Amino acid sequence: MSIMKKRILITGGAGFIGSHLCERLLKDGNEVICIDNFYTGRKANIVHLLNNPYFEIERHDICFPIYMEVDEIYNLACPASPIHYQFDPVQTIKTAVHGAINMLGLAKRLKIKILQASTSEVYGDPVVHPQPESYWGNVNPVGIRSCYDEGKRCAETLFFDYHRQHNLKIKVARIFNTYGPKMHPNDGRVVSNFIVQSLKGEDITVFGDGNQTRSFCYIDDLLNGLTRLMNSPDDFTGPVNLGNPVEFTILELAQKVIELTRTKSKIILNPLPDDDPRQRQPDITLARKALGWEPVVRLEEGLKKTIEYFESLFKKY
Ligand SMILES: NC(=O)c1ccc[n+]([C@@H]2O[C@H](COP(=O)([O-])OP(=O)(O)OC[C@H]3O[C@@H](n4cnc5c(N)ncnc54)[C@H](O)[C@@H]3O)[C@@H](O)[C@H]2O)c1
């Protein structure tokens, strides 16, 4: 093992996944540099790391170039929930595309590995279930989700073109619905929404009839997948699905949250938003084979930890 610490750049390091990744990589003995413009990320997610001499934070928008000496890049910066990415769709697509170009340019100059946090949204409203990486997707290019879906698809294209054209070492993870402590309380994602509504005793809003399904991956499982991918042999680029293949209907999730929070909240049904996919489930055959990875945290266990986090958050404020 090398005695030199790796200097790892995480863009979007103050966000939900990024802040957990900062913690994990520091714990593994690396130096971590976090870049974030705090668009959706929060200081509170990383404040406990600020006294660590091996941690640095830089307020920066990745739509603009940046130069620094690092050994690896995890490119996570991008608003990820519909409420946030639809707030300023032009900024979203700029972050996905210009941000990717800037980070790929940095990786090319330094001749280092770069990992892209892509998304299951590249499959759009899929007609193939579960979704293998070979499925090209069913995406509306002009809808309200397109700034994110098409932005992330274009970023994947850029990653593969840099790989083919410049021999850059790339890793592309297609992340499926991930949840856990430090999710933004107001980002409208289904797990945080249901927990926040239950803890406040408000109605739990289910869109559509609630029979659409989702699969939920706990953050610790995802971190294992991302770090395994980064450390996989150079000839393994992905794209590789990282997510939990166990499916639940949205109604089942709502009922589980009600049970665990012991709330008196009632479920109410609201109209389904535009382009909301009916079903989303990762085929993780490739991740199992190439990375020896699969999720191990059961929904109930992950929900308990996430509920504890939101309870402590509400006690503070
Ligand atoms: N959470 C999920 O379920 C999920 C699923 C699929 C893909 N992803 C991807 O993983 C990554 C992280 O998602 P998350 O859930 O942690 O979201 P998040 O919103 O909590 O984190 C994103 C971070 O990026 C920062 N950011 C946004 N635009 C930026 C810019 N232009 N320059 C610098 N920083 C910027 C935000 O301030 C925030 O800290 C995203 O790229 C997202 O697309 C997440």
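Everything here concerns the structure above.
All residue numbers refer to position in the chain's written sequence, counted from 1. In view of the model being predicted, local features appear only for residues whose pLDDT reaches at least 70, and side-chain atom pairs are presented and counted only at 80 or more, with totals across whole chains, interfaces and linings using the full set of residues. Side-chain measures were taken over the full set of non-hydrogen atoms in the model, leaving aside hydrogen atoms and water.

Visitor: Is there a simple way to explain the overall build of the chain in this structure?
Guide: Helix numbering and strand numbering both begin at the N terminus, where a helix is a DSSP run of H or I of at least 4 residues and a strand a DSSP run of E of at least 2. When helices and strands are counted, the chain shows nine helices and 13 strands. In summary, the chain has a C-alpha radius of gyration of 19 Å against a globular reference of 20 Å for 317 residues, a match within 12%. Projected onto the principal axes, the alpha-carbon positions of the chain cover approximately 55 × 45 × 40 Å. Taken across its 317 residues, the chain has 56% of its residues classed as buried. Should any heavy atoms of two residues lie within 4.5 Å, those residues are counted as being in contact. In the chain, the proportion of contacts linking residues at least 24 apart, taken out of those at least 6 apart, comes to 81%. Put simply, the chain shows about 14500 Å² of open surface, and 52% of that area lies on carbon and sulfur atoms. As used throughout, the charge tally considers Lys and Arg to be positive and Asp and Glu to be negative, leaving His and the chain termini uncounted. Taken as the charge centre is NZ of Lys, CZ of Arg, CG of Asp or CD of Glu, depending on the residue. With 38 positive and 38 negative side-chain charges, the chain shows a spacing of 4 Å between the two charge centroids. Our radius of gyration looks at C-alpha atoms and nothing else; its globule reference is 2.2 Å times the residue count to the power 0.38. Only protein chains enter the area calculation, which uses a 1.4 Å probe; residues under 20% of their type maximum are buried, those over 50% are exposed, and those in between are partly exposed. Using a 1.4 Å probe, accessible areas were evaluated by the Shrake-Rupley method; residue-level cover was limited to the displayed protein chains.

Visitor: Help me understand the packing of aromatic side chains in this model?
Guide: Think of a pair of aromatic rings as described by two things: how far the centres are apart, and how the planes are tilted against each other in angle. The criterion for an aromatic pair is that two Phe, Tyr or Trp rings (for Trp, the six-membered ring) have centres within 6.5 Å, with stacked assigned to planes under 30 degrees apart, edge-to-face to planes over 60 apart and tilted to the rest. Here the structure, examined in full by the defined rule, presents six aromatic pairs. Between tyrosine 179 and tyrosine 218 the ring centres are 5.5 Å apart and the planes differ by 65°, which places this aromatic pair in the edge-to-face class. Of this pair, tyrosine 179 sits in strand 7 (residues 178-179) while tyrosine 218 sits in strand 10 (residues 217-218); the two residues are 39 residues apart in sequence, bridging distant segments of the chain. Residues tyrosine 179 and tyrosine 218 agree in their burial class; the two are buried.

Visitor: In this structure, what is going on with the site of the ligand? I would like to understand it.
Guide: Any residue with a heavy atom positioned within 4 Å of a molecule or strand is treated as near that molecule or strand. The immediate surroundings of the ligand are formed by 30 residues, with Asp36, Thr40, Tyr148, Lys152 and Arg189 found nearest. One nitrogen or oxygen atom from the side chain of arginine 189 is found 2.7 Å from a nitrogen atom belonging to the ligand. Protein contact buries 97% of the 820 Å² of open area that the ligand shows by itself. Elements with a contribution of two residues or more to the shell around the ligand: helix 1 (16-27), helix 3 (89-110), strand 5 (113-119) and helix 4 (146-166). Polar contacts, as used here, are pairs of N or O atoms within 3.5 Å; protein pairs need one atom able to donate a hydrogen and one able to accept it. Residues neighboring in sequence count only if both atoms are side-chain atoms.

Visitor: Would you mind showing me how to read helix 7 (residues 250-261) here?
Guide: Along an α-helix, a turn takes 3.6 residues, which lines up residues three or four apart on a common side. With twelve residues, helix 7 extends 17 Å between its outermost C-alpha atoms, agreeing within 8% with the 16 Å of an ideal straight helix rising 1.5 Å per residue. Taken together, the buried positions of helix 7 are Ile250, Leu253, Ala254, Val257, Ile258, Leu260 and Thr261. Its buried side turned inward, helix 7 meets helix 5 (190-199), strand 8 (204-207), strand 9 (213-215), strand 12 (247-249), strand 13 (267-270) and helix 9 (299-316). One or two residues past the end of helix 7 sits arginine 262, with phi positive at roughly 50°. Any helix carries an expected span of 1.5 Å times its number of residues minus one.

Visitor: Looking at this model, I keep getting lost on the side chain of glutamine 197. Mind explaining?
Guide: The residue glutamine 197 is located in helix 5 in this model. Setting aside residues up to four positions removed in sequence, glutamine 197 forms contacts with Glu202, Asp203, Ile204, Thr205 and Ser265.

Visitor: Please clarify how the environment of serine 120 should be interpreted in this entry.
Guide: Along the chain, the position of serine 120 falls in the loop between strand 5 and helix 4. Put simply, serine 120 and aspartate 149 are 29 residues apart on the chain and 8.8 Å apart in space, counted from C-alpha to C-alpha. Other than its neighbours up to four places away in sequence, serine 120 contacts Arg174, Ile175, Phe176 and Arg280.

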